[in-house]
Amino acid sequence: MMMCESLFTNLSPFASLFEEQLPPWSPLMKIKNYFSQLEIAPIDKIPTGVSINSPAQVWMGPNCVIEPGVVIDGAAFLEAGVTLKSCSYLREGVLVAAGCTIGHGAEVKHSIVLNKAKIAHFCYVGDSIVGQNVQLAAGVKCANLRLDEYEVCCQLNGKKIPTGRRKLGAIIGDGVKIGCNCVISPGTLIGKNVITHPLCHIKGTIAVGSIIKA
């Protein structure tokens, strides 16, 4: 099975969420507890033109760029140098590490985004983990709910592994590049340094270094 340590290298500042020999979706179950243990002060001033529904639950590091039209609904932690482009939408507990960019009109829900990841305009990332230096091109959708709304399973070696989660998006390892308008099925595991062409449907478990074509 792909474990956390095989997918991600630099976990700062969220290393406490990732434990060796645990399934790679396990950090998502600890997001709420992470926020409850933060010892730094939340933001004291909302940027002009930005909507933050619960300012007492939003933490923002230095040199962040938050453009007008951004909406943050619920808890969010933005490390230093994060950029949120206009009309991006964060909700239900989002952790974003240093140097990341969330593009115009992109939505990120209950997810962890690691250092220097780029989520381009009009993406959807739900209940997912996005690794270091990942690039999600415009229009990528990380679906997090089966159409039948049953428990999401991950596929490994031809077997279905129950995750215990009704909502689970993609677990995307470091250095992955996903082309424009790709759709990633719930419970997809993507190894490090995978590249996909545009307009692909991605599902199951994708081996390290693979190239996926439509």
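For the structure itself, consult the block above.
Below is a short write-up of the structure. (Residues numbered from 1 in each chain as written. Predicted model: local features only at pLDDT ≥ 70, side-chain atom pairs only at ≥ 80, totals over all residues. Heavy atoms only, no water.)

**Here we look at the nonpolar core**
For step 1, the next point in the chain: Leu84, Leu90, Ile119, Leu136, Ile172 and Ile190 are the most contacted members of the largest nonpolar core, which has 40 residues in total.
For step 2, the next point in the chain: Listed by contribution, the elements that provide at least two residues to this core are strand E5 (76-78), strand E8 (94-96) and strand E19 (170-172).
For step 3, the next point in the chain: Excluding anything up to four places from it in sequence, Ile190 contacts Leu7, Ile171, Ile172, Gly173, Val176, Ile178, Ile184, Ile202 and Ile206.
For step 4, the next point in the chain: Leu17, Trp59, Ala97 and Ile129 belong to the second largest nonpolar core, which has 27 residues in total. (Core = buried A, V, L, I, M, F, W, Y, C linked by side-chain atoms within 4.5 Å. Buried < 20%, exposed > 50% of the residue type's maximum accessible area, 1.4 Å probe, protein only. Helix = DSSP H or I, 4+ residues; strand = E, 2+ residues; numbered from the N terminus. Contact = heavy atoms within 4.5 Å.)

**Regarding the sheet that holds strand E10 (residues 107-109)**
For step 1, the next point in the chain: Read from one edge to the other, the open sheet built from eight strands follows the order E1-E4-E7-E10-E13-E16-E21-E24, with strand pairing classed as parallel. Two strands close off the open sheet at either side, each with one partner strand: strand E1 (51-52) and strand E24 (201-202).
For step 2, the next point in the chain: Note that strand E7 (residues 89-91) and E10 share three bridges and pair parallel. Each residue of the ladder has a partner; that of Tyr89, found in E10, is Glu107. (Pairing = 2+ DSSP bridges.)

**Some words on the sheet that holds E19**
For step 1, the next point in the chain: Ordered in space as E2-E5-E8-E11-E14-E19-E22-E25, the eight strands form an open sheet in which the pairing is parallel. Only two strands of the sheet have a single neighbouring strand rather than two, namely strand E2 (58-60) and strand E25 (205-206).
For step 2, the next point in the chain: Of the pairings in the sheet, the one linking E2 to E5 comprises three bridges and is parallel in character. Its bridge partner being in E5, Val58 is matched across the sheet by Ala76.

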